[in-house]
Amino acid sequence: MPTILPGREIARQPARTAVMKGLILSGGAGTRLRPITHTSAKQLVPVANKPILFYGIEDMAEAGITEIGIIVGSTAAEIEAAVGDGSRFGVHVSYLPQDEPLGLAHCVLIARDFLGDDDFVMYLGDNMLEQGLGGFIARWESQHTAALQPALGDAPDGPTGAPAAQILLTPVPDPQRFGVAELDDEGNVVALVEKPEDPPSDLALVGVYLFSKLIHQAVAAIAPSARGELEITDAIQWLIDSGAPVHHDLLDGWWLDTGKKDPLLESNRRVLESLEARVDGEVDADSKVDGRVVIEAGARLVNSEVRGPAIIGAGSVITSSYIGPFTAVAANCEVTDSEIDQSVIMEGARIRAVPRLTDSLMGRDSEVTRGARRSQATRVTLGDHSTVELA
């Protein structure tokens, strides 16, 4: 049996229910993606022409989760307008306001009424993962089912029984930059260390967690960290120190935090690689489409070439231009006499007479035009409604 520390008695695990809920954290300000996030929620920045937040909702829906709470902050109205009631995803969405970003564990605290006593997946709204949630949840369910079965022989040393938490881990080359898990010889999580100088392992925490109702005791018991936030790592450590089993799963595939431009562009590249080619828009006789390319309905190609993987959004017009690999052009954009590759172009942007735009992120309704003097290449990060004239 696990050892329970004095003053840290935890409630017995509840009987299993069929309900699992989802909690997506979308309250952050996105300061690392400014100027884009001065006027737009970071979770709504598109990857392959789909808001980042939608990937997490779809992953939950595919795993059978139908009740999702979304933590929202200052961009609540924009997120609610984009997601709606969740019916387009086959789920029901509740919005849970967080007045200040006071930590991941604080999100659990304010979601208490929504979560009730149900198990839940917690997912960071700006994360991109290759794998879905089905296997992660199936492992949790199998462990809880096994914990209800009679045990044969002596119980092993260490925490036993159904896990109170399950975390997703992945090996990284620079664990000093992440929250890191320490495991014992049996693979039990025994400690979590935030950005350690001397990491106990190379296993970094990915922003996906599974919790039972015991996490509510933990988040109520911990104190704010030195930066004034309730840390989810502290809450999980409280569970470990209280003798509650905390299990882990290893990530299958890639994981990217899209909070900065370069990882966001990398996410765009990874998702575009999985495109299935289709042409629903207009491609004139002087245009060429090569490779995995999506031309959405209402888009037009005039005397242009698009080389995939790439996507051209509905209503966009590409004229006398080249759209190269790993480029996502959103809806209602105009590209004229220009070359673009490895970039994310958001809705309503206009690009004119630019010889080569590469590795760039352009905000909604932004504009790039060419002056008289020309250079070889251009790299930009533009906020919404901005205009740049290149010399």
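### Quick notes on the overall build of the protein chain
A count of helical and extended segments in the protein chain gives eight helices and 32 strands. Nonlocal contacts in the protein chain, meaning residues at least 24 apart in sequence, comprise 51% of its contacts between residues at least 6 apart.

### Description of the sheet that holds strand S26 (residues 344-345)
Across the sheet, seven strands lie side by side as S14-S17-S20-S23-S26-S29-S31; this open sheet has parallel pairing. For this open sheet the edge positions go to strand S14 (278-279) and strand S31 (381-382), each flanked by a neighbour on one side alone. Running over the sheet, helix H8 (residues 261-272) touches strand S20 (310-312), strand S23 (327-329), S26, strand S29 (361-362) and S31 and is turned about 90 degrees from S23.

### Structural notes on the environment of Asp119
Looking at the element boundaries, Asp119 is found in strand S6 (residues 119-124). For the pair formed by Asp119 and Ala164, sequence separation is 45 residues and the distance between their alpha carbons is 9.2 Å. A polar contact is formed between the side chain of Asp119 and the side chain of Trp140, at a distance of 3.1 Å.

### Some words on the pattern of salt bridges
Considering all chains together, one arrives at 18 salt bridges under this definition. A salt bridge links Glu78 to Arg364, with the nearest nitrogen and oxygen atoms 3.4 Å apart. Here Glu78, found in helix H2 (residues 76-83), pairs with Arg364, found in the loop between S29 and strand S30 (367-370); they are 286 residues apart in sequence, far enough to count as distant. Residues Glu334 and Arg352 are paired through a salt bridge, measuring 3.3 Å at the closest nitrogen-oxygen approach. Taken together, the residues span a long stretch of sequence, with Glu334 in strand S24 (residues 334-336) and Arg352 in strand S27 (residues 350-352) at a distance of 18 residues. Look at Arg352 and you get partly exposed, because its relative accessible area is 31%. Within the structure, one salt-bridge network assembled from shared partners comprises Glu334, Arg350, Arg352 and Glu367.

### Some details on helix H5 (residues 134-147)
The terminal C-alpha atoms of H5, which comprises 14 residues, lie 20 Å apart, in line with the 20 Å expected from a rise of 1.5 Å per residue. Taken as a whole, H5 has its buried residues at Phe136, Ile137, Trp140, Gln143 and His144. The arc that holds the buried residues of H5, viewed along the axis, is 125 degrees, so those residues lie on one side. The inward-facing, buried residues of H5 contact strand S1 (20-26), S6, strand S8 (165-171), strand S11 (203-211) and strand S12 (246-250).

### Examining the pairing of strand S10 (residues 189-194)
Sheet topology places strand S9 (residues 179-183) next to S10; five bridges connect them, and they run antiparallel. Looking at S10, one finds that Glu182 is bridged to Ala191.

### Description of the packing of aromatic side chains
Under the defined criterion, the tally for this structure stands at three aromatic pairs. Arranged with centres 5.1 Å apart and planes meeting at 75 degrees, the rings of Phe54 and Phe89 form a pair that is edge-to-face. In this pair, Phe54 is assigned in helix H1 (residues 52-62) and Phe89 in the loop between H2 and strand S5 (92-97), connecting sequence segments 35 residues apart. Since its relative accessible area comes to 14%, Phe89 is described here as buried. Measuring from centroid to centroid gives 5.5 Å for Phe120 and Phe211, while their planes differ by 45 degrees, and the two rings are tilted. Highlighted residues: Phe120 in strand S6 and Phe211 in strand S11, separated in sequence by 91 residues. Judged by relative accessible area, which is 0%, Phe120 ranks as buried.

### What to know about a nonpolar patch on the surface
Nonpolar side chains collect at one region of the surface, where Val279, Val283 and Val289 lie side by side and expose about 190 Å² of accessible area between them. Looking at where Val279 falls in the secondary structure, it is placed in strand S14. Its relative accessible area of 45% is what places Val279 among the partly exposed residues.

### With respect to the nonpolar core
Grouped together as the largest cluster of nonpolar side chains are 38 residues, with contacts concentrated most on Leu23 and Leu239. Ignoring sequence-local partners within four residues, the contact set of Leu239 consists of Ala164, Ala165, Leu214, Ile215, Ala218, Ala244 and Val246.

### Examining the packing of helix H6 (residues 214-221) against helix H7 (residues 232-241)
Between H6 and H7, the least distance of the axes is 8 Å, while the angle of their chain directions is 115 degrees. What the angle tells us is that H6 and H7 run roughly perpendicular. In this structure, the crossing between H6 and H7 has a hand that is right-handed. Two secondary-structure elements touch here, H6 through Leu214, Ile215, Gln217, Ala218, Val219 and Ala221 and H7 through Ala235, Trp238 and Leu239. A breakdown of the residues in the contact of H6 with H7 according to their chemical character gives eight nonpolar, one polar and no charged.

### Observations regarding the sheet that holds strand S28 (residues 357-358)
Spatially, the five strands line up as an open sheet ordered S16-S19-S22-S25-S28, and their pairing is parallel. Each having just a single partner strand, strand S16 (288-290) and S28 make up the two edges of the open sheet. Relative to strand S22 (residues 322-323), strand S19 (residues 305-307) runs parallel, the two being bridged by two bridges. For Glu305, the partnering residue across the bridge sits in S22 and is Tyr322.

### Observations regarding the packing of H1 against H2
One can describe the packing of H1 onto H2 by two numbers: an axis separation of 11 Å at closest approach and a directional angle of 55 degrees. Taken together, the axis directions place H1 and H2 in an arrangement best described as oblique. Like other packed secondary-structure pairs, H1 and H2 cross with a definite hand, here right-handed. Between H1 and H2, the residues in contact are Leu53, Phe54 and Ile57 and Ile79, Ala82 and Val83, respectively. In terms of residue class, the contact of H1 with H2 is built from six nonpolar, no polar and no charged.

What counts as what
- Residues numbered from 1 in each chain as written.
- Predicted model: local features only at pLDDT ≥ 70, side-chain atom pairs only at ≥ 80, totals over all residues.
- Heavy atoms only, no water.
- Helix = DSSP H or I, 4+ residues; strand = E, 2+ residues; numbered from the N terminus.
- Contact = heavy atoms within 4.5 Å.
- Pairing = 2+ DSSP bridges.
- Axes fitted to C-alpha atoms, helices over the stretch in contact; angles between N-to-C directions.
- Polar contact = N/O pair within 3.5 Å; in protein donor to acceptor, adjacent residues only side chain to side chain.
- Salt bridge = Lys/Arg side-chain N within 4 Å of Asp/Glu carboxyl O.
- Buried < 20%, exposed > 50% of the residue type's maximum accessible area, 1.4 Å probe, protein only.
- Expected span 1.5 Å × (residues − 1).
- Arc of directions from axis to C-beta.
- Phe/Tyr/Trp six-rings, centres within 6.5 Å; stacked < 30°, edge-to-face > 60°.
- Patch = residues over 30% accessible without salt bridge, like charges linked within 9 Å, V, L, I, M, F, W, Y side chains within 5 Å.
- Areas by Shrake-Rupley, 256 points an atom, 1.4 Å probe, with all protein chains shown as cover.
- Core = buried A, V, L, I, M, F, W, Y, C linked by side-chain atoms within 4.5 Å.
- Parallel < 35°, antiparallel > 145°, perpendicular 65-115°, else oblique.
- Left-handed = near helix turned anticlockwise from the far one by under 90°.
- Nonpolar A, V, L, I, M, F, W, Y, C, P; charged D, E, K, R; others polar.

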